[in-house]
Amino acid sequence: MDVRVGDTLEMKKPHPCGARRWQVLRVGMDFKLRCTGCGRELMLSRAKAEKGIKKIIREEEA
């Protein structure tokens, strides 16, 4: 799966704050994500993150 730093991920399950979107801060064997609702940051294994992704939202560069 092609996930890059700066992408926004829409996940299948919502965070306890109610938001489903996460901003990607770091990519590697683990993803570092920031919740767009409450600002909480977490590290998630690549396998678990890719399994939960519903949609990748990219900021297209002009």
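Description of the structure in this document. Worth saying up front: this structure is predicted, and the values here are computed from it rather than measured. (Residues numbered from 1 in each chain as written. Predicted model: local features only at pLDDT ≥ 70, side-chain atom pairs only at ≥ 80, totals over all residues. Heavy atoms only, no water.)

1. Points about the layout of surface pockets
Estimated volume of the largest pocket: approximately 240 Å³. Every residue along the wall of the largest pocket is listed here: M11, K12, K13, P14, W22, L33, L42, L44, K48, K51 and G52. Those elements that provide at least two residues to the lining of the largest pocket are β4 (41-45) and α1 (46-52). The leading source of residues in the lining of the largest pocket is α1, at 3 residues. Across the lining of the largest pocket, the residue classes break down as 6 nonpolar, 1 polar and 4 charged. (1 Å grid on protein atoms, 1.4 Å probe; cavity = no way out; pocket = protein on both sides within 12 Å on 5 of 7 lines; lining within 4 Å. Points joined across faces, edges and corners; volume = space filled by probe spheres on them. Helix = DSSP H or I, 4+ residues; strand = E, 2+ residues; numbered from the N terminus. Nonpolar A, V, L, I, M, F, W, Y, C, P; charged D, E, K, R; others polar.)

2. Some details on the side chain of T8
Here T8 shows up in strand β1 (residues 8-11). T8 sits in the buried class, given a relative accessible area of 16%. Excluding residues that lie within four positions of it along the chain, T8 makes contacts with R21, W22, Q23, K55, I56 and I57. (Buried < 20%, exposed > 50% of the residue type's maximum accessible area, 1.4 Å probe, protein only. Contact = heavy atoms within 4.5 Å.)

Treat this as a map of the structure, not an account of what it does.
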